[in-house]
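Understanding the architecture of this molecule
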Amino acid sequence: YRSWCPYCVEGFGREWPHKRGTSNRTVPLISCDYLYITAKGVFTKEDVEDREREGALRVLVVYCGNTQSMFAHAVPRKGADTDGYIVEQLVQDVLWLGHSKIVIRSDNEPALLQVVERVTTALRTKGVDAASEGSVPYDPQSNGAAEGAVRRLKGSVRAILMGFESRLGARIPLDHPIMAWAIVHAAHVRTCRVKGDDGKTAQQRARGTTHPDGLM
């Protein structure tokens, strides 16, 4: 985010700051949730109407609370696709983080639980001690890390798309391949460029280097 950039201001201008709380977890928590992009803009699942979700571009956002790394992938459908694309992407995200033991948390939506279960199964075959847990019913904060990550990514995606469309002088269709790229790039920028209170980026916490290896 830069205050002199009109697209950053527009992309993040309506967002409240989200402070990262302290946690006493000894096992890294990987949180995930969906983001939606429609012809009207970029929305969290709470902000988009049910009738608009059908034609929306769906994005699965993944956040590591231990390193504050963020990943995002456009998905062909909610839940596990027949080609196994999103499961493989999430497996590679976790392997990049380098954790030997993790817990993956999602809300209790059946489609997302299906993805998480398949990811944990695949990770175990690769030597990662992976477990899953759903959010606590009636507790809106139990998957708060994922919801916060979705809101931050929403601002980044909006800023990138508005800047790009302004330079093009045209709107980018939802089904254009560049939309999927913009989503991955927005998460990549947050992981490699945004510094936390410790002065480090998520890339530095996860990999010990500023070189953005393996993210794109």
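The rules behind each value
- Residues numbered from 1 in each chain as written.
- Predicted model: local features only at pLDDT ≥ 70, side-chain atom pairs only at ≥ 80, totals over all residues.
- Heavy atoms only, no water.
- Helix = DSSP H or I, 4+ residues; strand = E, 2+ residues; numbered from the N terminus.
- Buried < 20%, exposed > 50% of the residue type's maximum accessible area, 1.4 Å probe, protein only.
- Areas by Shrake-Rupley, 256 points an atom, 1.4 Å probe, with all protein chains shown as cover.
- Salt bridge = Lys/Arg side-chain N within 4 Å of Asp/Glu carboxyl O.
- Axes fitted to C-alpha atoms, helices over the stretch in contact; angles between N-to-C directions.
- Parallel < 35°, antiparallel > 145°, perpendicular 65-115°, else oblique.
- Left-handed = near helix turned anticlockwise from the far one by under 90°.
- Contact = heavy atoms within 4.5 Å.
- Nonpolar A, V, L, I, M, F, W, Y, C, P; charged D, E, K, R; others polar.
- pLDDT = per-residue confidence, 0-100.
- Phe/Tyr/Trp six-rings, centres within 6.5 Å; stacked < 30°, edge-to-face > 60°.
- Lys NZ or Arg CZ within 6 Å of the ring centre and 35° of its normal.
- Pairing = 2+ DSSP bridges.

1. Notes on the overall build of the protein
When its secondary structure is counted, the protein shows seven helices and six strands. In the protein, the order of α-helices and β-strands from amino to carboxyl end is α-β-β-α-β-β-α-β-α-β-α-α-α. Taking all 216 residues of the protein together, the buried fraction comes to 46%. For the protein, the exposed surface amounts to about 11600 Å²; the carbon and sulfur share of it is 51%.

2. Some details on the environment of Arg151
With respect to the helices and strands, Arg151 occurs in helix α5 (residues 144–168). As a C-alpha pair, Arg151 and Leu35 span 116 residues in sequence and 8.6 Å in three-dimensional space.

3. Focus: the pattern of salt bridges
This structure, assessed with the given rule, holds nine salt bridges. Here Asp47 makes a salt bridge to Lys154, at a shortest N to O gap of 3.6 Å. Remark: Lys154 occurs in helix α5 and Asp47 occurs in the loop between β2 (41–44) and α2 (50–53); sequence separation between them is 107 residues. On the basis of relative accessible area, Lys154 is assigned to the buried category, the value being 10%. Taken together, the salt bridges that share partners define one network made up of Asp33, Lys45 and Asp107.

4. Section: the packing of helix α3 (residues 85–97) against helix α4 (residues 110–125)
Where α3 contacts α4, the axes come no closer than 9 Å and their chain directions differ by 55°. With respect to α4, the axis of α3 lies oblique. Note that α3 runs across α4; the crossing there is right-handed. Only Val115, Arg118, Val119, Ala122 and Leu123 of α4 make contact with α3, whose side of the interface consists of Ile86, Val87, Leu90, Val91, Val94 and Leu95. Here the contact of α3 with α4 is composed, by residue class, of ten nonpolar, no polar and one charged.

5. Some remarks on the confidence of the model for the protein
As a general rule, the predicted coordinates of low-pLDDT regions are not to be interpreted in detail. Here the protein averages 86 in pLDDT, and 88% of its residues register 70 or above. In this model, residues 15–22 is a region of pLDDT below 50 whose contacts with residues beyond four sequence positions or in other chains number seven contacts.

6. Observations regarding the packing of aromatic side chains
Across all of its chains, the model carries one aromatic pair by this definition. Where Phe71 meets Trp96, the ring centres are 5.7 Å apart and the plane angle is 85°; that geometry is what we call edge-to-face. In this pair, Phe71 is assigned in strand β4 (residues 70–75) and Trp96 in helix α3, connecting sequence segments 25 residues apart. For Trp96, a relative accessible area of 7% puts it in the buried group. Here the guanidinium or amino end of Arg152 rests over the ring plane of Tyr63, the centre of that ring lying 5.3 Å away.

7. Examining the pairing of strand β1 (residues 29–38)
The element β1 is extensively covered by neighbouring structure, given that ten of its ten residues are classed as buried. Neither face of β1 is left uncovered, since the one carrying Leu29, Ser31, Asp33, Leu35 and Ile37 and the one carrying Ile30, Cys32, Tyr34, Tyr36 and Thr38 both have all their residues buried. Where β1 meets strand β5 (residues 101–106), three bridges bridge the pair, whose relative direction is parallel. Each residue of the ladder has a partner; that of Leu29, found in β5, is Val103. As paired elements, β1 and strand β3 (residues 57–64) share eight bridges and run antiparallel to each other. Bridge assignment links Asp33 to a residue of β3, and that residue is Val61. Of the pairings in the sheet, the one linking β1 to β2 comprises four bridges and is antiparallel in character. Bridge pairing in β2 links Leu35 to Thr44. Linking β1 back to β2 in an antiparallel pair, the connection comprises two residues.

8. Things to note about the pairing of β3
By the criterion of burial, β3 is predominantly enclosed, with eight of the eight residues buried. The side-chain alternation of β3 yields two buried faces, one formed by Leu57, Val59, Val61 and Tyr63 and the other by Arg58, Leu60, Val62 and Cys64. Two elements, β3 and β4, share six bridges in a ladder whose sense is antiparallel. Pairing of Val59 across the sheet is with Ala74, part of β4.

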